[in-house]
Amino acid sequence: MTAAVLVAVIFFLLATLPAVPRSVPATVDVDLQRRTVAGAYHIHSTRSDGAGGKDAIAAAAARAGLAFIILTDHGDGTRPPDPPVYLHGVLCVDAVEISSDGGHYVALDMRASPYPLGGEPAAVVEDVHRLGGFGIAAHPDSPRAELAWTDWTVPIDGIEWLNADSEWRNESRVALARVLFDYALRPGPALASLLDRPEATLERWNHLGLRRPVVGLAGHDAHGGIGRGVEEGGSRRTAVGGIPSYEASFRSFSTRAILERPPTGDPVADARQVLDAIRTGGVFTVIDAIASPGFLDYRAWQGAETTPSVMGSTLPAGASVIAVNASMPLGAQLFIVGDEGESERSMTAPYVSGVEPARGALRVELRVPGRAGRSPVPWIVSNPIYFLAGAAPAGAAPPGIAQPVVVPLAPDTGWHVEKEAGSTATVKSSGSSGFEVTFDYVLRPGERVSQFAAAVADVGYRAPRFKSVMFSAVSAQPVRLSVQLRYPQGGGERWRKSVYVDAIPREMSVAVDQMMPADRQSGGAPDPSAATALLFVVDLTNSRPGDSNSIRITNLRFAR
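Residues numbered from 1 in each chain as written. Predicted model: local features only at pLDDT ≥ 70, side-chain atom pairs only at ≥ 80, totals over all residues. Heavy atoms only, no water.

## Comments concerning the overall build of the protein chain
Tallying secondary structure elements over the protein chain gives ten helices and 37 strands in all. Residues counted as buried form 52% of the 560 residues belonging to the protein chain. Sequence separation of at least 24 residues holds for 73% of the intrachain contacts in the protein chain that already meet a minimum separation of 6. Here the protein chain has roughly 23,900 Å² of accessible surface; of this, 57% comes from carbon and sulfur atoms. (Helix = DSSP H or I, 4+ residues; strand = E, 2+ residues; numbered from the N terminus. Buried < 20%, exposed > 50% of the residue type's maximum accessible area, 1.4 Å probe, protein only. Contact = heavy atoms within 4.5 Å. Areas by Shrake-Rupley, 256 points an atom, 1.4 Å probe, with all protein chains shown as cover.)

Listed below in structure tokens is the structure:
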């Protein structure tokens, strides 16, 4: 009886294996096919917590039929990115995944930072933009709280609408055990069977698109093995057979970039085209374990004489025509999806709508019925075309807002230095009407031992009730300076927000309601007039052991 049950179980498992990917005939024009290249984004190598080196990962991508890979090893942005290179016929592009206090942020196409990037999410997003990069909120709704992105008020450039690491974390042990069996026979489809339609993330992406373009990407988060991630102080291991392998991950789904011209074989020029396609939203996702190859032509126009706009474009909200052409498996359904919901447009492609009002971010989903799961992942997900109302002119002040009342820092305010024992620092202040503070420091070189230095103003409850701290600042070297308020609660809890300072004098305004806890907190943000000290802090969040600088702060005041 036991043997019979075992045989029955094996036959059941074999009969319910994930289906072999369907082969789909290409129906879009040949030029678009040549300009559409498949790749993988969000990959870790041995440079951080991945199991394989760049060459081995490129070889796996070549076996999976990919044209490009984007490596996103963990880092602080100070390492110059490797130049693009072709390995095994696969274009390799280097990027970085940065850890912030509010989740991980992947920076593409960014030059090296003069100081470590980290801290508040807003600071990381601001720095990535300053350094010319394009930033993507990674695994934004991860079941692991420390990985999920938390600050949706900052102007992120992109969002991972799908992340493979997040998808397996919400599965039961029974489901994961089943996937191990399936993986032995059909690795790519087995991994794809874990993918559900991430409803919360897609709704968030829809909502963000009501205001401005936000590019959606599917992140493999491929490590080439199992183990503890870098955020857990560990690394991936290959001793357990490299499950899931890079190749299996790459066979589950891919990012398709629509280039201006077919690739030339020049790694620098081809990488520029891939990155430009991502920046402009000219990318879409194909779940290759369902069907392949996947091609998509998504356009819209307004008026009979206008040239159609492609995926990623922005048009005025209003009467529009939408056209979709795609290679579709038998029975696939085409949906136009936006913040106001979705509508099934056609059972087949090509599809052209009538003239109809269009608003917000409208994207295309192609779904294949019969897939298992709570909410099956779509086969193809496009980036939107945006139909947005006109925005107010840049720099225009909202009507009816009065200028803030400012109160200068008291001229007799005492200043002192606080620092880690091995670091050195001095602060010199002038209490004249041209108030000025010069803060010089050298952080202890060598190993990381929580080095910090701070210029501290003893406000001692003498500050008025205020909403922001205002000042001018200039420094010898670029630095991110943490502006902090210290309160008597909890033995001196601090709230902080950092600002960028360099050799160009700038006026700064730090809003109290945008400050975040620096360490511990006893409750919500205190009344700022209860602060006992105002601090200007440099620490290892955005500096390195041995860093030195001279910062000059003038015209310090509180704004009501």
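From this point, the narrative continues.
## Considering the sheet that holds strand S36 (residues 533-539)
Hydrogen bonds between backbone groups are what pair the strands of a sheet, and the pairing can be parallel or antiparallel. Strand order in the open sheet made by the six strands is S27-S30-S36-S32-S33-S35, with antiparallel pairing throughout. Every interior strand has two partners, whereas the edge strands, strand S27 (414-419) and strand S35 (516-517), have only one. Of the strand pairs in this sheet, strand S32 (residues 479-486) and strand S33 (residues 494-501) are connected by eight bridges, and their pairing is antiparallel. By the bridge assignment, Val483 is partnered in S33 with Lys497. (Pairing = 2+ DSSP bridges.)

## Examining the nonpolar core
In terms of nonpolar packing, the biggest core is built from 59 residues, with Ile156, Ile287, Tyr298 and Trp379 touching the most fellow members. In terms of nonpolar packing, the next biggest core, distinct from the first, is built from 38 residues, Phe466, Val469, Val512 and Leu534 among them. (Core = buried A, V, L, I, M, F, W, Y, C linked by side-chain atoms within 4.5 Å.)

## Notes on unusual backbone geometry
Here the residue pair Ser292 and Pro293 is connected by a cis peptide bond, since its omega of 0 degrees sits within 30 degrees of zero. In this fold, Pro293 is placed in the loop between strand S14 (291-292) and strand S15 (296-301). Positive phi is not limited to glycine here, since His139 has a value of about 25 degrees. With relative accessibility at 2%, the residue His139 sits in the buried group.

## Comments concerning the confidence of the model for the protein chain
Residues of the protein chain with pLDDT of at least 70 account for 88%, and the chain-wide mean is 88. Counting interchain partners and residues more than four positions distant, the pLDDT-below-50 stretch residues 5-9 has zero contacts. (pLDDT = per-residue confidence, 0-100.)

## Details of the pairing of strand S13 (residues 283-286)
Along any regular strand, the residues point their side chains to alternate faces of the sheet. Burial of S13 is two-sided: the residues Val283 and Thr285 facing one way and the residues Phe284 and Val286 facing the other way are all buried. Bridge count between strand S12 (residues 254-258) and S13: four bridges; the pairing is antiparallel. Paired with Ala257 across the bridge in S13 is Val283. Relative to strand S24 (residues 380-381), S13 runs antiparallel, the two sharing two bridges. Of the residues in S24, the one forming a bridge with Val286 is Ile380.

## Some thoughts on the packing of aromatic side chains
Taken as a whole and assessed by the stated rule, the structure comprises seven aromatic pairs. Residues Phe439 and Tyr441 carry aromatic rings whose centres are separated by 5.4 Å and whose planes lie at 40 degrees to one another, so their mutual orientation is tilted. Under the relative-accessibility criterion, Tyr441 is labelled buried at 4%. Ring centres 5.3 Å apart and planes at 85 degrees place the aromatic pair Phe471 and Phe536 in the edge-to-face group. Of this pair, Phe471 sits in strand S31 (residues 468-475) while Phe536 is found in strand S36, placing the two residues 65 residues apart along the sequence. The exposure class assigned to Phe471 is buried, which follows from its relative accessible area of 0%. Phe536 sits in the buried class, given a relative accessible area of 0%. In textbook terms, an aromatic cluster arises when at least three aromatic residues are bridged by ring pairs, as seen for Trp415, Phe471 and Phe536. (Phe/Tyr/Trp six-rings, centres within 6.5 Å; stacked < 30°, edge-to-face > 60°.)

## Some remarks on the environment of Pro526
With respect to the helices, strands and loops of the structure, Pro526 is situated in the loop between S35 and S36. In this structure Pro526 comes out as buried when scored by relative accessible area, which is 11%. Distance from Pro526 to Tyr487, taken between C-alpha atoms, is 7.7 Å for residues 39 residues apart in sequence.

## Here's the deal with the pattern of salt bridges
Across all of its chains, the model carries 30 salt bridges by this definition. A salt bridge links Arg130 to Glu126; its shortest N-O distance comes to 2.6 Å. In this pair, Arg130 and Glu126 both sit in helix H4 (residues 121-130), four residues apart, roughly one turn of the helix. Residue classification places Glu126 among the partly exposed residues on the basis of a relative accessible area of 36%. Between Asp547 and Arg544 there is a salt bridge; the shortest N-O distance is 3.7 Å. With a relative accessible area of 31%, Arg544 lands in the partly exposed category. Here the salt bridges do not stand alone but share partners, grouping Arg47, Lys54, Arg79, Asp82 and Asp94 into one network. (Salt bridge = Lys/Arg side-chain N within 4 Å of Asp/Glu carboxyl O.)

## Here's the deal with the environment of Leu409
When you line up the elements, Leu409 lands in the loop between strand S26 (406-408) and S27. Considered as a pair, Leu409 and Val459 are 50 residues apart in the sequence and their alpha carbons are 8.3 Å apart. Among residues more than four places away in sequence, those in contact with Leu409 are Trp415, Phe435, Val459, Leu556, Arg557 and Phe558.

## A few points about the environment of Ala138
Summarising the element assignment, Ala138 is placed in the loop between strand S7 (134-137) and strand S8 (158-163). Assessed through its relative accessible area of 0%, Ala138 is described here as buried. Apart from residues no more than four positions distant in its own chain, Ala138 is found in contact with His42, Glu97, His104, Val106, Leu147 and Glu160.

## What about the side chain of Asp288?
Position of Asp288 relative to the elements: it lies in the loop between S13 and S14. Residue Asp288 is classed as buried on the basis of its relative accessible area, which comes to 11%. At a separation of 3.2 Å, a polar atom in the side chain of Asp288 contacts the side chain of Ser292. Beyond its immediate stretch of four places on either side in the chain, Asp288 contacts Pro21, Arg251, Ser252, Phe253, Ser254 and Arg256. (Polar contact = N/O pair within 3.5 Å; in protein donor to acceptor, adjacent residues only side chain to side chain.)

## Some details on H4
Those residues of H4 lying buried are Pro121, Ala123, Val124, Val125, Asp127 and Val128. Buried positions along H4 lie against strand S5 (90-100), strand S6 (103-108), S7, S32, S33 and S35. Phi for Gly132, located one or two positions after H4, is positive at around 80 degrees.

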